[in-house]
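What follows is the residue order along each chain.
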Amino acid sequence: MAHTGPIPKAAVFRLSLYLRELSELRGEGVETISSSKLGNILDLTDAQVRKDLAYFGQFGYPGVGYRVDELIGELKRILGTDRIWDVVLIGCGNLGRALAAYKGFRRQGFQIVGAFDSDPKKVGRTVGELTVQPMGELPETVARTGSRIAVICVPPDQAQAVADQAAAAGIRGILNFAPTSITTSAHVVQDSVDLAIRLEQLSFRLRSLLQEGRR
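Overview of the structure. (Residues numbered from 1 in each chain as written. Predicted model: local features only at pLDDT ≥ 70, side-chain atom pairs only at ≥ 80, totals over all residues. Heavy atoms only, no water.)

### Some thoughts on helix H3 (residues 46-54)
- Looking at H3, one finds that the buried residues are Val49, Asp52 and Leu53. Within H3, the buried residues cover an arc of 95° as seen down the axis, which keeps them to one side.
- Buried residues in H3 make contact with helix H1 (9-27), helix H2 (35-41), strand S2 (66-67) and helix H4 (68-79). (Buried < 20%, exposed > 50% of the residue type's maximum accessible area, 1.4 Å probe, protein only. Helix = DSSP H or I, 4+ residues; strand = E, 2+ residues; numbered from the N terminus. Arc of directions from axis to C-beta. Contact = heavy atoms within 4.5 Å.)

Given below as structure tokens:
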């Protein structure tokens, strides 16, 4: 039986790590794996792996461990990637163009079906396999495609207004790449990817590692 209380965000994050590694293992022909082996790959304990998965159910078999193909299916179901999500991209600068050209999203259950920008100079250009549309066409595209996710790659001073526009158009999930915080209503979930913060965290760990090396 799955856990009924609050599930830690860190545990949900690790599900994506498990899914990535299991997918690679399946590609190598691996059919079963133990919690200790999966943990070793990700520098986690076997207890942590079992605890994370136990929040969502019992997936292991005594004497066998986890059946790779079966666990991949369960993790995709839990994460909601057992279907294809249509995504709109807002902001077609350097980062937006790079994301539009990335071919790996489809394999992970996402496809970008619309690209938008408020800059008339960018409208009509091609990014990936899409033609950049003006922001005024966002509501129609969201309604036509059934998109529920928007990826925002705009300057920080535009992020909140763009998030509001996306929500008004029917978007219910926002991934924000702008280096600023945005607020959304209770009907819209959002997550942010601030590359500068990630680099700061990496530099902290590197600094600590280098200091350890000098002792």
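### Let's talk about the packing of aromatic side chains
- In this structure the tally under the stated criterion is one aromatic pair.
- On the basis of an interplanar angle of 85° and a centroid distance of 4.8 Å, the ring pair of Tyr102 and Phe105 is categorised as edge-to-face.
- Since its relative accessible area comes to 43%, Tyr102 is described here as partly exposed.
- Above the plane of the ring of Tyr61 lies Arg67, whose end atom (NZ or CZ) is 3.9 Å from the centre.
- The cationic tip of Arg83 hangs over the ring face of Trp85; the distance from NZ or CZ to the ring centre is 3.7 Å. (Phe/Tyr/Trp six-rings, centres within 6.5 Å; stacked < 30°, edge-to-face > 60°. Lys NZ or Arg CZ within 6 Å of the ring centre and 35° of its normal.)

### Side note on the sheet that holds strand S7 (residues 149-152)
- Taken together, seven strands build an open sheet; the order of strands is S5-S6-S4-S3-S7-S8-S9 and the sheet is mixed. Every other strand in the sheet has two partners, leaving strand S5 (126-127) and strand S9 (189-192) as the edge strands with one partner each.
- Pairing of strand S4 (residues 110-117) with strand S6 (residues 130-134), which is carried by three bridges, proceeds in the parallel orientation. In the sheet register, Asp117 faces S6, and the bridge partner there is Pro134.
- Each of strand S3 (85-90), S4 and S6 is contacted by helix H7 (residues 138-145), which is oriented at about 170° to S3, the strand it contacts most. (Pairing = 2+ DSSP bridges. Axes fitted to C-alpha atoms, helices over the stretch in contact; angles between N-to-C directions.)

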